[in-house]
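# Per-entry structural report
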Amino acid sequence: MGDPLERLGSEEAVGMESCMKEELCMEIDPPFRENVATAEDWRKALNTVVPAVVVLRTTACRAFDTEAAGASYATGFVVDKRRGIILTNRQVVKPGPVVAEAMFVNREEIPVYPIYRDPVHDFGFFRYDPAAIQFLSYEEIPLAPEAACVGLEIRVVGNDSGEKVSILAGTLARLDRDAPHYKKDGYNDFNTFYMQAASGTKGGSSGSPVIDWKGRAVALNAGSKSSSASAFFLPLERVVRALQFLQKGKDSSTSNWEAVSIPRGTLQVTFLHKGFDETRRLGLHSETEQMVRHASPLGETGMLVVDSVVPGGPAHKQLEPGDVLVRMNGEVITQFLKMETLLDDSVDQTIELQIERGGTSLTVNLRVQDLHSITPDYFLEVSGAVIHPLSYQQARNFRFNCGLVYVTEPGYMLFRAGVPRHAIIKKFAGEEISRLEELISVLSKLSRGARVPLEYISYMDRHRRKSVLVTVDRHEWYAPPQIYTRDDSTGLWTAKPALPPESVLLSAGINHHGEGLLNQTVASNTCEASMMEHLHHDNNHELADGLTSMETSQENVSEETQARDEPDVGTKKRRIEEDSSADGIVIADCSLHEPTEEKLENMRTMQNAVLRDYQGAAAAAANASIAERVIEPTLVMFEVHVPPSCMLDGVHSQHFFGTGVIVHHSQFMGLVAVDKNTVAISVSDVMLSFAAFPMEIPGEVIFLHPVHNYALVAYDPSALGPIGSSVVRAAELLPEPTLRRGDSVCLVGLSRSLQATSRKSIVTNPCAALNIGSADCPRYRATNMEVIELDTDFGSTFSGVLTDEHGRVQAIWGSFSTQLKFGCSTSEDHQFVRGIPIYTISQVLDKIISSANGPSLLINDIKRPMPLVRILEVELYPTLLSKARSFGLSNDWVQALVKKDPIRRQVLRVKGCLAGSKAEKLLEQGDMVLAINKEPITCFRDIENACQALDICDDNDGKLNMTIFRQGCEIELLVGTDVRDGNGTTRVINWCGSIVQDPHPAVRALGFLPEEGHGVYVARWCHGSPVHRYGLYALQWIVEVNGKLTPNLDAFVEVTKELEHGEFVRVRTVHLNGKPRVLTLKQDLHYWPTWELRFDPETATWRRRTIKALDSCAA
């Protein structure tokens, strides 16, 4: 495990005074003891010690408190052979769920389980079964904290930098070093001295024993300084005390380990040891200093001074930074060890502290708090987020009260809303939140798709609350919320449902409007305000983990809360949930007391007035072009989020923005077309904001074209209400005539503030062929496409539509994803925009509207047949006829191709076939496609038309009669075509933390599939999972599991569901580069059950099904 490196900046900032202090400490340390150990003494000591030192391989299964999820290695050593106890660092034992194995020097590996991790100091214990060690003779390493002294020659024995055994020599130089400071938002030790030695320990040596020549451990290796060969060691006095409690609690005659309580007391105060010179400057009386010097051991150089006090703790408003501690319960205290001993022996008791503050002597009585009571031992997991009470460690770092609701990992739902790591949740759905139980109570009342406000604070901006809008997951991306609780008797964290069975969130229903709050409709005095409320996020962007997230302003959320709590206030209010009548018309309940007829009449009057306002506002834009005024009601801003648990098909980000255009709008269905760099996969949450009407509603991906760079997203027009539905409209599409070079077009798009912007331009190339290379991680790339280029560069992010002067859409100005590569190992994601001819969209749109034959899909509660697309799964590229002639193409064919298309004057060549396609064994790289069914072929559209013609004829078996020019010969081939739907990937398996799917087209486009039945493809992997621990990473196929072939997902499920918890599994993989590999991993069904996510077209939802867990096994 990589040791955390001490932050040098914190020490350097201390300045010259700190340097002088360290020099003085060196001079006044006790004199060196004579070192009489010989090489033979060290050899004997090491022969005894090395067998008891183990390599610990740990996997933090969840982020928790100060630690992130991940896999690492470290060192530990046996301190009790009979009971099977291993000592190591706290950062190794982890404060949260951990799975670990210990490997002894003879390569025997056994599971170990955490039994204790100190809340403050950097040590913890694992236990193991001593009977499991069969082939190694070893002895425990005795602990001798009293043997540590300046000048003592030591050896650090451990797993340094990944080595099996490493022995580093050194000499103890200091025993009173300040505790190292590692991170401002992570674990730090305090209220203790550390030892320092010139021994350059590195990653993996955490938890190593620091031994003397007698083979005794005098300290525990903890950290090091990155800029010098200095190592920091933890004294063992508190370790010995904790070990004695564990030994007393564990009776070796019983097989079961029982949890042992180790008393630990705290005042929630951090002390520093300051020299007498500094305490004098703080106001310490000379008489007090003289008394302390006489009462302290010889050589005492300073006193304990208050450095910080945690708000809400026992010492809050009683002690202040700079207070000098004189006595505790009447006893002079100048050392950390003495102070901690007194606190640990006085838990839940009151102690008396005598301090001096600025020259004034004060006496305060404080109650000692149980340290374990402010150390969380449970957490809530919801939508991938880990939330628990704020620990003492982080409360000290952030200066917040212990026990507040703390976000260790935001997961998907909170990250989507813009809630960062380390946030403190203060308010949720209008209710104040101070404890985790209150958050769970509110969560249990929400329905799927509900959108509710959340307020939080962060330690970086602690004085202001930030407000965001949280959308409860509409689909089953994650398991239902669970509470994990630590069980020290087993070393595991046991999970149980966080919500009661009758909770609304656990029901299968989805709020399709996405605006439900506690399933209640908020009544409003001002119906117009309800209908006109702007649901779009404000444009305040915050960067989190490299992904852009959006927040609502605090004003919007406070208005919403006020609207719910005070229905009589005449301010604008957001209508939280709309009631739908039988005919799909949405009516706001404006008054609970008006007669129905009068209410409806007032509604119609108000609707007409508001509609005139919107139409008047559009007409008032006198400076807008005709195209801009016509197109603005058809434009939609997309915000797309992809759950981290479902990042399929090589999608390269979790968050996308883009502009789409409404291509169909009727009473029961609305369709928006957008590029696939905005909606990349169907496993997405899509939110639509309309330029014509200030409302944000969810959309559902219904069609992803397998070749062209566009997707169709459906929305429910009734969710817009009667006014919005009448203002929003579909664009008029103009597929013919196609654009030509020199044509004048108008580019109309949306800014982030939903303002329509138009720019005029000239078409320079209406048929530019794309040539986008494969990314490092294969993902969708536009192939076999001709795009439109303009004479003006409008940037790489502005998207919209290309129209004629009357506002008729001729092309989508869409975004394309690519990857720029620098050298052999460096690459960077980029995007560019080009025009996508509208004919590609109108062909599919006509089939959807006319209910063409195909698999049905539920859209807005109506089943509709979705079209299938017949394609030739071959990647082609154009070659100029002048080049083709050089390859031997005859003059007759050159003339025939020029006659067919005098503008392009090109021939299509085969770049490669998709692996597994019907054309794979027939067409070869470099083939020139001359004709299909004797008709010359000059562009990609010719091939598309030929494929579509096959659907009309029933006697062709789906094959094209192709004329090919290959190596100087003209040949005729019957080449099969493939039929694809527009669903994209609709099934994914999560096994041991790996996200497994069928190979998607971008992978198959590489032209290679494993011979062993093709296999299933690993798209992603999760931190802290078994595949992370054992190295089963992405970009490879799993072709065998325990010798059984896994050619597809069904076969993979059948094999893996027979595997048991804790079983070692042999996996054979093939990398994208064709390199085979065999590895083993240990299945963990406790923290990583096997589950499946599959799209259900009958309900238009993604359903999660557990295939196998520790306590249940689903078929």
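Everything numeric here is computed off the predicted structure, so don't read it as measured data.

Scanning the chain from terminus to terminus reveals 23 helices and 64 strands. Going through the 1115 residues of the chain one by one, you find that 58% of them count as buried. Long-range contacts, defined here as pairs at least 24 residues apart, represent 68% of the contacts in the chain between residues at least 6 apart. Of the roughly 44800 Å² of accessible surface on the chain, a fraction of 50% belongs to carbon and sulfur atoms.

One finds F638, I702 and L712 to be the most contacted residues of the largest nonpolar core, which totals 88 residues. By size, the runner-up hydrophobic cluster in this structure holds 52 residues, among which are V49, V78, V157 and I211.

Positionally, T1069 belongs in strand 61 (residues 1064-1071). The exposure class assigned to T1069 is buried, which follows from its relative accessible area of 0%. Side chain to side chain, T1069 and Q1036 meet in a polar contact 3.0 Å long. Dropping the residues within four chain positions of it, T1069 is found in contact with L1032, Q1036, W1037, I1038, V1039, K1075, P1076 and R1077.

With that out of the way, let us pick up the sheet that holds strand 38 (residues 696-704). If you walk around this closed barrel you meet the 6 strands as 34-35-36-39-38-37, and the pairing is antiparallel. Direction aside, the axes of adjacent strands within the sheet are offset by 40° on average. On top of the sheet, helix 17 (residues 839-849) reaches strand 35 (655-665), strand 36 (670-674), strand 38 and strand 39 (711-715); it is set at about 60° to strand 35, its chief contact.

At the junction of E736 and P737, the peptide bond is cis and its omega measures out at -5° in the coordinates. Within the secondary structure, P737 sits in the loop between helix 16 (721-727) and strand 40 (744-750). A positive phi is found at D861, a non-glycine position, where the angle reads about 70°. For D861, the location among the structural elements is in the loop between strand 46 (856-859) and strand 47 (862-865).

To continue, consider the packing of helix 5 (residues 237-249) against helix 8 (residues 336-344). One way to put it is that helix 5 packs onto helix 8 with a least axis distance of 11 Å and a crossing angle of 25°. Relative to helix 8, helix 5 is oriented roughly parallel. Residues E237, R238 and R241 of helix 5 form the contact with helix 8, whose participating residues are L337, E340, T341 and D344. Its residues assigned to classes, the contact of helix 5 with helix 8 comprises 1 nonpolar, 1 polar and 5 charged.

Here we come to the confidence of the model for the chain. Summing up the model confidence of the chain, the mean pLDDT is 85 and the portion of residues at 70 or higher is 84%. Note on residues 1-34: pLDDT is under 50 here. Beyond four places in sequence and across chains, it has 66 contacts. Note that residues 512-600 has pLDDT below 50 and, in this model, 202 contacts with residues that lie over four places away or in other chains.

Looking at helix 11 (residues 436-443), one finds that the buried residues are L436, L439, I440, V442 and L443. All buried residues of helix 11 fall inside an arc of 160° around its axis, so they share one side. Looking at the buried side of helix 11, the elements it contacts are strand 21 (378-382), strand 22 (385-389), strand 23 (405-409), strand 24 (424-428), strand 25 (431-432) and strand 28 (482-487).

Where strand 53 (residues 959-966) lies against strand 54 (residues 969-976), 8 bridges are found, and the strand directions are antiparallel. Note that in strand 54 the partner of K959 across the bridge is G976. Counting the residues in the hairpin turn of strand 53 and strand 54 gives 2 residues, including Q967, whose phi is positive at 50°.

Following the criterion strictly, the structure yields 23 aromatic pairs and no others. Between the aromatic rings of F104 and Y138, the centroid separation amounts to 5.4 Å while the plane-to-plane angle is 45°, which identifies the pairing as tilted. Separated by 34 residues along the polypeptide, F104 in the loop between strand 4 (98-103) and strand 5 (109-117) and Y138 in the loop between strand 6 (124-127) and strand 7 (153-158) bring together distant segments of the chain. There is no split in this pair, since F104 and Y138 are both buried. With a centroid separation of 5.2 Å and an interplanar angle of 75°, the aromatic rings of F690 and Y715 are classed as edge-to-face. On the criterion of sequence distance, the pair formed by F690 in strand 37 (residues 685-690) and Y715 in strand 39 is long-range, its members being 25 residues apart. Taking the relative accessible area as the measure of exposure, Y715 reaches 1% and is therefore buried. Three or more aromatic residues joined by ring pairs make a cluster, and in this case those are F64, F379, Y484 and W493.

Let us look at the sheet that holds strand 4. Read around the closed barrel, 6 strands run 1-2-3-6-5-4, paired in antiparallel fashion. Averaged over neighbouring strand pairs, the angle between their axes works out to 40° when direction is ignored. Here 4 bridges tie strand 3 (residues 85-88) to strand 6, and the two strands are oriented antiparallel to one another. Across the sheet, residue I85 finds its bridge partner in strand 6, namely R127. Strands strand 2 (70-80), strand 3, strand 5 and strand 6 of the sheet are contacted by helix 5, whose axis makes an angle of about 35° with strand 6.

This part is about the pattern of salt bridges. Taken as a whole, this structure holds 58 salt bridges when the rule is applied. Between K445 and E431 there is a salt bridge whose closest N-O contact spans 3.9 Å. Here K445, found in the loop between helix 11 and strand 26 (451-458), pairs with E431, found in strand 25; they are 14 residues apart in sequence, far enough to count as distant. A residue is classified by how much of its surface remains accessible, and E431, at 31% relative accessible area, is partly exposed. The partner of D942 in a salt bridge is K900, and the shortest N-O contact between them spans 3.2 Å. Here D942, found in helix 20 (residues 940-952), pairs with K900, found in helix 19 (residues 891-900); they are 42 residues apart in sequence, far enough to count as distant. You can call K900 partly exposed: its relative accessible area is 38%. Members of the salt-bridge network, linked through shared partners, are D118, R238, R241, R264, E340 and D344.

Inspection of the secondary structure puts H422 in the loop between helix 10 (413-417) and strand 24. Note on H422: relative accessible area 15%, which makes it buried. Of note is the side chain of H422, whose polar atom sits 2.7 Å from the side chain of Y406. In this structure, H422 is in contact with D185, Q394, F398, Y406, V407, I457 and Y459, ignoring residues within four places of it in sequence.

Note on placement: S489 falls in the loop between strand 28 and strand 29 (492-497). Owing to a relative accessible area of 24%, S489 belongs among the partly exposed residues under this scheme. Separated by 230 residues in the primary sequence, S489 and A259 place their C-alpha atoms 4.6 Å from one another. For S489, the residues in contact, after removing those within four places along its chain, are R127, W257, E258 and A259. Within polar-contact distance, the side chain of S489 engages the side chain of D487 at 2.5 Å.

As a further point, take empty space enclosed by the protein. Scanning the entire structure with this criterion turns up 15 cavities of 30 Å³ or more. In this structure, the largest cavity is lined by 21 residues; those nearest its centre are H705, V869, R870, I871 and E944. For the lining of the largest cavity, the secondary structure elements donating two or more residues are helix 17, strand 48 (869-871), strand 49 (874-880) and helix 20. Here the lining of the largest cavity gets 6 residues from one element, more than from any other, and that element is helix 20. Along the lines of polarity and charge, the residues of the lining of the largest cavity split into 11 nonpolar, 6 polar and 4 charged.

To continue, consider the pairing of strand 3. Burial of the side chains of strand 3 extends over both faces: I85 and L87 are buried on one face and I86 and T88 on the other. In this structure, the hairpin formed by strand 2 and strand 3 is closed by a connection of 4 residues, where G84 is found at a positive phi of approximately 75°.

Helical geometry: 3.6 residues make up each α-helical turn, so side chains three or four residues apart lie on a common side. Burial analysis of helix 23 (residues 1049-1056) places 6 of its 8 residues in the buried class, which makes it a mostly covered element. Looking only at helix 23, the buried set comprises L1049, A1051, F1052, V1053, V1055 and T1056. As for helix 23, its buried residues are in contact with strand 56 (987-991), strand 57 (994-997), strand 58 (1016-1021), strand 59 (1036-1041), strand 60 (1044-1045) and strand 64 (1101-1108). Measuring from the side-chain oxygen of the N-cap residue of helix 23 to the backbone nitrogen of D1050 gives 3.3 Å; that N-cap residue is N1048.

Following the criterion strictly, the structure yields 0 disulfides and no others. Of the cysteine sulfurs around C1022, a residue in no disulfide, the closest is that of C646, at 9.7 Å. On the accessibility criterion, C1022 (18% relative accessible area) is buried.

So, on to the environment of H665. Assignment of secondary structure puts H665 in strand 35. Excluding residues within four positions of it along the chain, H665 makes contact with G670, Y715, P717, L720, S725, V728, R729 and A730. In this structure the side chain of H665 is engaged in a polar contact, spanning 2.6 Å, whose partner is the side chain of Y715. Among the polar contacts made by the side chain of H665, one reaches the main-chain carbonyl oxygen of S725 at a distance of 2.9 Å.

Cut-offs and rules
Residues numbered from 1 in each chain as written. Predicted model: local features only at pLDDT ≥ 70, side-chain atom pairs only at ≥ 80, totals over all residues. Heavy atoms only, no water. Helix = DSSP H or I, 4+ residues; strand = E, 2+ residues; numbered from the N terminus. Buried < 20%, exposed > 50% of the residue type's maximum accessible area, 1.4 Å probe, protein only. Contact = heavy atoms within 4.5 Å. Areas by Shrake-Rupley, 256 points an atom, 1.4 Å probe, with all protein chains shown as cover. Core = buried A, V, L, I, M, F, W, Y, C linked by side-chain atoms within 4.5 Å. Polar contact = N/O pair within 3.5 Å; in protein donor to acceptor, adjacent residues only side chain to side chain. Pairing = 2+ DSSP bridges. Axes fitted to C-alpha atoms, helices over the stretch in contact; angles between N-to-C directions. Parallel < 35°, antiparallel > 145°, perpendicular 65-115°, else oblique. Nonpolar A, V, L, I, M, F, W, Y, C, P; charged D, E, K, R; others polar. pLDDT = per-residue confidence, 0-100. Arc of directions from axis to C-beta. Phe/Tyr/Trp six-rings, centres within 6.5 Å; stacked < 30°, edge-to-face > 60°. Salt bridge = Lys/Arg side-chain N within 4 Å of Asp/Glu carboxyl O. 1 Å grid on protein atoms, 1.4 Å probe; cavity = no way out; pocket = protein on both sides within 12 Å on 5 of 7 lines; lining within 4 Å. Points joined across faces, edges and corners; volume = space filled by probe spheres on them. Disulfide = S-S within 2.5 Å.

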